[in-house]
Amino acid sequence: RVHARYHLRMSLTTGHVVSSTRGLLLRAIRSRACTPTVAPSPVRSAYPTTASRPSASAVAGSLRSLPRGAAPYPSSSFASIAAVGRSTARLHSTIIPQAATADADVFEATDTDAERKMLGHAADRYGGVIVDDATLPDTVDAFAAQLEASIAAWIAAGVRGVWLKIPKERAEYVGTAVHAGGFGFHHAEPDYVMMTRWLPTDEPDMLPPNASHQVGVGAFVHDGKGRVLLVQERRGPAAAASRPDFWKLPTGLVEQGEDIPAAAVREVEEETGVKTEFHSILGIRHGHNVAFGKSDMFFLVALRLRDGEDASAIRMCEQELADAQWRSIEDMAVRNQHIMPGSHMDHMYGLCVEHAAGRYAGMGWQAGRYA
């Protein structure tokens, strides 16, 4: 249980869930459905009583996705779903890649389902559902009605967490989800907001929180002749206008899906035009309460000039920088009055000096990949 919970948090944070041949929820329900009635177990069940626990076929039918405009089944008759014709298509989550169960069947609506409608959704591997934002209705009233029917059906089926992605084109649905549906905010991107609701009332919310860190890089580029690539910022707390003698390493934030070495190489080329390649990781700094209360991971990366690259060919990005030069390493680490002795940056720059002198190679890097 502990391992599965940890894996859930890590998987949803990175946007990946390892595939398996059967959904955990359906396997657990099928196992229970095939087990004869015995004395109550000390382990708490997801359902209050045996009588209220739906069958495997009922839950399999309730955790589904419907095409736009399709009418779903009545929430009071889950068992009847087993009789509905099944499609051979498999549902793929548009929110969390591979999060939908491999055997989340797509059901065709029938005339007997016309009374109440539900939001299209897929079962995830942890007893929850992921709403398919492509199937959201066209009006707020229709959304409110389908959301109400869906929540009632999910609660009856023992669903745990609900992930609801609302694109900016449907921003008017957010208020309904909060005030009528009881949803909270998880995170937002430029084109959508992700909302969640934890349905069980007898256990704490176990949905993974939003990403807790931002990741930054600093690039140490040494030409082998005692010079290091340094820049002066045009804006911000390190701007040359307020600190005309502050020369620093090129820095920036890692983009989504980008490896640490690649981010350092990209930042150097974007800011200075100098083309480099990865050598090693020199150091890591971990800070807290940096941006909007989030924590910060900073990687100091040693780069070397790409073969055949002219060190003097600096093409500075004037939008970001006031200046960029090859300067002595003393300008960075010794004569820099803006670095407090004993600070994390003082330590980082000390590692750069050791690396340039050949006394410290740094650490390697192995990029991780998810199936």
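Read on for an overview of the structure. (Residues numbered from 1 in each chain as written. Predicted model: local features only at pLDDT ≥ 70, side-chain atom pairs only at ≥ 80, totals over all residues. Heavy atoms only, no water.)

**A word on the overall build of the protein**
Right, so step 1: A count of helical and extended segments in the protein gives eight helices and 13 strands.
Right, so step 2: When burial is assessed residue by residue, the protein has 44% of its 371 residues classed as buried.
Right, so step 3: Sequence separation of at least 24 residues holds for 67% of the intrachain contacts in the protein that already meet a minimum separation of 6.
Right, so step 4: Surface accessibility of the protein: about 19400 Å² in total, with carbon and sulfur atoms responsible for 54%. (Helix = DSSP H or I, 4+ residues; strand = E, 2+ residues; numbered from the N terminus. Buried < 20%, exposed > 50% of the residue type's maximum accessible area, 1.4 Å probe, protein only. Contact = heavy atoms within 4.5 Å. Areas by Shrake-Rupley, 256 points an atom, 1.4 Å probe, with all protein chains shown as cover.)

**Some details on the sheet that holds strand S11 (residues 276-291)**
Remark on secondary structure: sheet strands pair via backbone hydrogen bonds, oriented parallel or antiparallel.
Right, so step 1: Sheet architecture is open: four strands sit in the order S10-S8-S12-S11, paired in mixed fashion. Looking at the sheet topology across the chains shown, the edges are occupied by strand S10 (251-253) and S11. Ignoring which end each strand starts from, the neighbouring axes of this sheet average 25 degrees apart.
Right, so step 2: Bridge count between strand S8 (residues 213-221) and S10: three bridges; the pairing is antiparallel. Each residue of the ladder has a partner; that of Val217, found in S10, is Gly252.
Right, so step 3: Packing of helix H6 (residues 260-272) onto the sheet brings it into contact with S8, S10, S11 and strand S12 (294-305), and relative to S8 it is tilted by some 60 degrees. (Pairing = 2+ DSSP bridges. Axes fitted to C-alpha atoms, helices over the stretch in contact; angles between N-to-C directions.)

**Notes on the pairing of S11**
Right, so step 1: Alignment of S11 against S12, held across eleven bridges, turns out to be antiparallel. Note on S12: the bridge partner recorded for Ile281 is Val301.
Right, so step 2: Count of turn residues in the S11/S12 antiparallel hairpin: two residues, of which Phe292 carries a positive phi of about 55 degrees.

**Focus on the side chain of Ser280**
Right, so step 1: If you trace the backbone, Ser280 turns up in strand S11.
Right, so step 2: A polar atom in the side chain of Ser280 sits 3.0 Å from the side chain of His279.
Right, so step 3: Apart from residues lying up to four places away in sequence, Ser280 is in contact with Leu300, Val301, Ala302, His355, Ala361, Gly362 and Met363. (Polar contact = N/O pair within 3.5 Å; in protein donor to acceptor, adjacent residues only side chain to side chain.)

**Remarks on the nonpolar core**
Right, so step 1: Formed by 22 residues in total, the largest nonpolar core has its most connected members in Phe143, Trp154, Val162, Leu164, Ile166, Phe183 and Met195.
Right, so step 2: Elements represented by at least two residues in this core include exactly strand S4 (129-131), helix H4 (140-157), strand S5 (161-167), helix H5 (173-179) and strand S7 (192-198).
Right, so step 3: Ranked by residues supplied to this core, first place goes to H4 with six residues.
Right, so step 4: Each residue touching Val162, except ones within four places of it in the same chain, is listed here: Val129, Val131, Trp154, Phe183, Met195, Thr196, Arg197 and Leu199.
Right, so step 5: With 18 residues, the next largest nonpolar core counts Leu230, Met332, Met345 and Cys352 among its residues. (Core = buried A, V, L, I, M, F, W, Y, C linked by side-chain atoms within 4.5 Å.)

**Structural notes on the packing of aromatic side chains**
Right, so step 1: Under the defined criterion, the tally for this structure stands at two aromatic pairs.
Right, so step 2: With 4.6 Å between their ring centres and 10 degrees between their planes, Phe143 and Tyr173 make a pair best called stacked. Of this pair, Phe143 sits in helix H4 while Tyr173 sits in helix H5, and the two are 30 residues apart along the sequence.
Right, so step 3: Tyr173 gets classed as buried once you look at its relative accessible area, which sits at 0%.
Right, so step 4: The ring of Tyr192 has Lys165 sitting right over it, with the charged end atom 4.6 Å from the ring centre. (Phe/Tyr/Trp six-rings, centres within 6.5 Å; stacked < 30°, edge-to-face > 60°. Lys NZ or Arg CZ within 6 Å of the ring centre and 35° of its normal.)

**Re H4**
Note: α-helices contain 3.6 residues per turn, so residues at a spacing of three or four share the same orientation.
Right, so step 1: For H4, with 18 residues, the first-to-last C-alpha span of 25 Å sits near the 26 Å given by 1.5 Å per residue.
Right, so step 2: Count one or two residues on from H4 and you reach Gly158, which has phi positive near 80 degrees. (Expected span 1.5 Å × (residues − 1).)

**Concerning the pattern of salt bridges**
Right, so step 1: Counted by the stated rule, this structure contains twelve salt bridges.
Right, so step 2: Here Arg266 ties to Glu258 by a salt bridge, and the two come within 2.6 Å at their closest N and O atoms. Per residue, the accessibility class of Arg266 equals that of Glu258, and both read buried.
Right, so step 3: Through salt bridges with shared partners, a single network forms among Glu255, Glu258, Arg266, Glu267 and Glu270. (Salt bridge = Lys/Arg side-chain N within 4 Å of Asp/Glu carboxyl O.)

Remember, this is a structural readout, not a statement about activity or role.
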